[in-house]
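Single-letter residue listing:
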Amino acid sequence: MTKGFSTEAVHAGEPDRQYMDSITTPIVLTSSYTFTNMDDVLDYVTKKVDRFEYGRYGNPTTAVLIKKLRELEGAEDAEVFDCGMTSVSCALLGLTQNGDHIILTDDAYKKTLMFCEKVLPRFGIETTIVKMGDYDQMEDVLKRRPGTRIVLSESPTNPYLNIADMDILRSLRERFGFVLIVDSTFASPYNQRPLEQGADIVLHSATKYLGGHNDILAGAALGSKALIEQIRDYRNTTGGIVDPVTSYLLLRGLKTLAIRMERLNANATAVAKYLESHPHVRRVYYPGLPSHHDHERARKYMRGFGGVVTFELEADLKCTLDFLSNMKLFKIGPSFGGVEALVTHPMTISYYDYTPEERRRLGILDELVRMSVGIEDPEDLIADIDQALHKAVTRHRISPRVSQPGV
Ligand SMILES: Cc1ncc(COP(=O)(O)O)c(C=O)c1O
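Positions within a chain are numbered from 1, following the residues in the order the chain's sequence is written. Where local features are concerned, this predicted model is filtered to residues with pLDDT of at least 70; where side-chain atom pairs are given and counted, the filter is 80 or more; whole-chain, interface and lining totals use all residues. Only hydrogens and water are set aside; all other atoms, that is, all heavy atoms of the structure, feed into the side-chain values.

Side note on the overall build of the chain
So, step 1. A run of H or I in DSSP counts as a helix once it spans at least four residues, and a run of E counts as a strand once it spans at least two, with each numbered from the N terminus. A count of helices and strands for the chain gives 16 helices and twelve strands.
So, step 2. A compact globule built from 407 residues should have a C-alpha radius of gyration of about 22 Å, and the chain, at 22 Å, falls within 12% of that.
So, step 3. Expressed as lengths along the three principal axes of its C-alpha atoms, the size of the chain is roughly 80 × 55 × 40 Å.
So, step 4. Accessible area is worked out with a 1.4 Å probe on protein chains only. A residue is then buried under 20% of its type maximum, exposed over 50%, and partly exposed in between. Looking at the chain as a whole, 55% of its 407 residues qualify as buried.
So, step 5. Contacts are residue-level and defined by heavy atoms, with any inter-residue pair within 4.5 Å sufficient. In the chain, of all internal contacts separated by at least 6 residues, the share reaching a separation of at least 24 is 74%.
So, step 6. For the chain, the exposed area adds up to about 18200 Å²; of that, 53% sits on carbon and sulfur atoms.
So, step 7. Once the 48 positive and 55 negative side-chain charges of the chain are each reduced to a mean point, those two points are 2 Å apart. Two things to know: the radius of gyration comes from C-alpha atoms, and the globule rule equals 2.2 Å times the number of residues to the power 0.38. Throughout, the Shrake-Rupley method with a 1.4 Å probe supplies accessible areas, and for residues the shown protein chains are the sole cover considered. When charges are counted, Lys and Arg contribute as positive and Asp and Glu as negative, whereas His and the chain ends are disregarded. Throughout, a charge is located at the NZ atom of Lys, the CZ atom of Arg, the CG atom of Asp or the CD atom of Glu.

Here we look at the layout of surface pockets
So, step 1. Cavity means a closed set of points on a 1 Å grid over the protein atoms alone, one where a 1.4 Å probe fits but cannot get out, pocket means an open set with protein on both sides within 12 Å along at least 5 of 7 lines, and lining means a residue has an atom within 4 Å of a point. Grid points are joined across faces, edges and corners, and a volume is the space filled by probe spheres set on the points. As a volume, the largest pocket reaches approximately 940 Å³.
So, step 2. Around the largest pocket, the lining comprises 39 residues; the ones closest to its centre are D50, F52, Y57, G58 and A63.
So, step 3. Going through the elements one at a time, α3 (60–73), β1 (77–81) and α9 (225–238) are the ones with two or more residues in the lining of the largest pocket.
So, step 4. Considering each element in turn, the lining of the largest pocket owes the most residues, eight residues, to α3.
So, step 5. Each residue receives one of three labels: charged for Asp, Glu, Lys and Arg, nonpolar for Ala, Val, Leu, Ile, Met, Phe, Trp, Tyr, Cys and Pro, and polar for the others, Gly being one of them. By residue class, the composition of the lining of the largest pocket is 16 nonpolar, nine polar and 14 charged.

Remarks on the pairing of strand β5 (residues 179–183)
So, step 1. Burial within β5 is extensive, with five of its five residues counted as buried.
So, step 2. Here β5 shows two buried faces, one formed by V179, I181 and D183 and the other by L180 and V182.
So, step 3. Summarising the sheet, strand β4 (residues 150–154) and β5 pair through five bridges and their orientation is parallel. Note on β5: the bridge partner recorded for V151 is L180. A strand pair is defined by DSSP finding two or more bridges across the two strands.

Digging into the domain arrangement of the chain
So, step 1. For the domains described, the bounds stem from an automatic or database domain assignment. Looking at the chain, the domain boundaries give domain 1 (5–255) and domain 2 (257–395).
So, step 2. If you average the C-alpha positions of domain 1 and of domain 2, the two centres end up 28 Å apart.
So, step 3. Opposite the 35 residues of domain 1 that make contact, domain 2 presents 44 residues.
So, step 4. Among the residues domain 1 hides against domain 2, the three largest losses belong to Y160, Y190 and Y209. Together they make up 24% of the total.
So, step 5. Any Lys or Arg side-chain nitrogen located within 4 Å of an Asp or Glu carboxyl oxygen qualifies as a salt bridge. Linking domain 1 to domain 2 there are three salt bridges. Using a 1.4 Å probe, buried area is obtained as the accessible area two parts lose upon being combined, added over both of them.

So, the site of the ligand
So, step 1. Nearness is judged by heavy atoms alone; a residue qualifies as near a molecule or strand once a single heavy atom is within 4 Å of it. Taken together, 13 residues are adjacent to the ligand, and G84, M85, D183, S205 and T207 come closest.
So, step 2. Polar contacts, as used here, are pairs of N or O atoms within 3.5 Å; protein pairs need one atom able to donate a hydrogen and one able to accept it. Residues neighboring in sequence count only if both atoms are side-chain atoms. M85 has a polar backbone atom sitting 2.8 Å from an oxygen atom of the ligand.
So, step 3. A distance of 2.6 Å is found between an oxygen atom of the ligand and a side-chain nitrogen or oxygen belonging to T207.
So, step 4. Within the complex, 89% of the 390 Å² of free accessible area of the ligand lies under protein.
So, step 5. Its residues assigned to classes, the shell around the ligand comprises six nonpolar, four polar and three charged.

Things to note about the pattern of salt bridges
So, step 1. Throughout the structure, instances matching the rule amount to 25 salt bridges.
So, step 2. Where R297 meets D294, a salt bridge forms, and the shortest distance between an N and an O atom there is 3.7 Å.
So, step 3. Note on R297: relative accessible area 21%, which makes it partly exposed.
So, step 4. Here D294 falls in the buried class, since its relative accessible area comes to 11%.
So, step 5. Among the ionic pairs, D322 bridges to R395, the shortest N-O distance being 3.0 Å. Of the two residues, D322 is situated in helix α13 (residues 317–326) and R395 in helix α16 (residues 378–395); the sequence distance between them amounts to 73 residues.
So, step 6. A relative accessible area of 12% places D322 in the buried class.

Examining a nonpolar patch on the surface
So, step 1. Residues I27, L29 and V245 make up a contiguous nonpolar surface patch of about 270 Å² in total accessible area.
So, step 2. In this fold, I27 is placed in the loop between α1 (5–11) and α2 (38–47). For patches, a residue must show more than 30% relative accessible area and have no salt bridge; joins then use 9 Å for like charges and 5 Å for nonpolar side chains, namely Val, Leu, Ile, Met, Phe, Trp and Tyr.

So, the side chain of S155
So, step 1. Here S155 is to be found in the loop between β4 and α7 (166–176).
So, step 2. The class for S155 is buried, based on a relative accessible area of 0%.
So, step 3. A distance of 2.8 Å separates the side chain of S155 from the backbone nitrogen of A164, its partner in a polar contact.
So, step 4. Apart from the residues within four sequence positions on either side, S155 is in contact with N162, I163, A164, D183, S184, A187 and Q192.

As for the packing of aromatic side chains
So, step 1. Here is the rule: rings of Phe, Tyr and Trp (six-membered ring for Trp) pair when centre to centre is within 6.5 Å. Planes less than 30 degrees apart are stacked, more than 60 are edge-to-face, and the remainder are tilted. Enumeration according to the criterion identifies ten aromatic pairs in this entry.
So, step 2. Ring geometry for Y351 versus Y354: centroids 5.0 Å apart, planes at 80°, classification edge-to-face.
So, step 3. Residue class for Y354 comes out partly exposed when judged on its relative accessible area of 21%.
So, step 4. Each residue in the set F186, Y209 and F336 is aromatic and connected to the rest through ring pairs, giving one cluster.
So, step 5. We call a charge positioned over a ring when the NZ of a Lys or the CZ of an Arg lies within 6 Å of the ring centre and within 35 degrees of the ring normal. The ring of Y44 has R51 lying over it, and the distance from NZ or CZ to the ring centre is 5.8 Å.
So, step 6. For the cation-ring pair, K110 lies above Y351, with the distance from its terminal atom to the ring centre recorded as 5.5 Å.

This is how it looks when you write it as structure tokens:
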């Protein structure tokens, strides 16, 4: 990146002169690209001329998107997908073969865990799940399973926003020679650039911060040319491409990534501080708060701490559900990273089909709430939480906590 992040977000990848002198990159809606004559075809196949051939292998709008993402993440190469899960599945299947072994952290996105535990074994690929943050356990597994092909960690993770120790991961990677993949969806390239901290591949659900407007699904994988080529070959064979209209919307979203992230970082910090001081909040998980267990790591690796805040109410399940229903500005729904404030109740929305025992093991408490602030005014976000909480605790006659916040 030669210029500042905001400048690159607006201009990187965009050609100097666009079609018909337009300022924006056009949406090229075509499934196929034609050749002038057979000499043109022969040039293409024999000299590997750089041009488009067929929609599954590339598109001019998508190509600009890829260039912009590459700049923003500081990657040699990138590929985009129809959603974040396709970036996960294509990266894992594109870089492995029958007999390979993968290590995954236990607080990974639920479907990533399911993919590794249920789908990959059908292809002879085994996954060992290790506790997030327990790098001794990871080292033991690496010693027991020499030739482990991939270590996949997210950072920050959901819902407790644990932060990966990139220095330890980098040194394990140097000793054991695996491909280090970091799903950086919860950070975005504005807040963290894992490729500069030792990762080989960075993944994003671009549905979240990168798109930023809760209106598209997309995914991205970024890293070295050699690794991305393998992932691209797999994707070109199986599908999972981003359509040109979505590419355009993602390009447009990326232009405001820096200012959106600055606002989301600031809003989430304000909300987290407010929650931490609230007598009906037992505990707040936000990596920007000094009380967060991974605060020092977050400060080391991130320039901002994101728009997601998780907390436990000093309340029971009924009161917690009532609190969510009372919210007006925050809409109830999964996902995060958009301009609109969203609130989710992990126990019901994401883990309802789990047994209470499984939920307890994962730390999904009845009174756990995860918020994704939007770019609204912070005073309005706080006022909405305040009124919803006041109504709920009054109705359910819940006493405030007696301990100090975060204890
Ligand atoms: C960390 C992480 N990775 C991957 C995904 C999957 O992304 P998508 O929903 O775009 O397929 C998600 C979705 O929430 C996620 O949180």
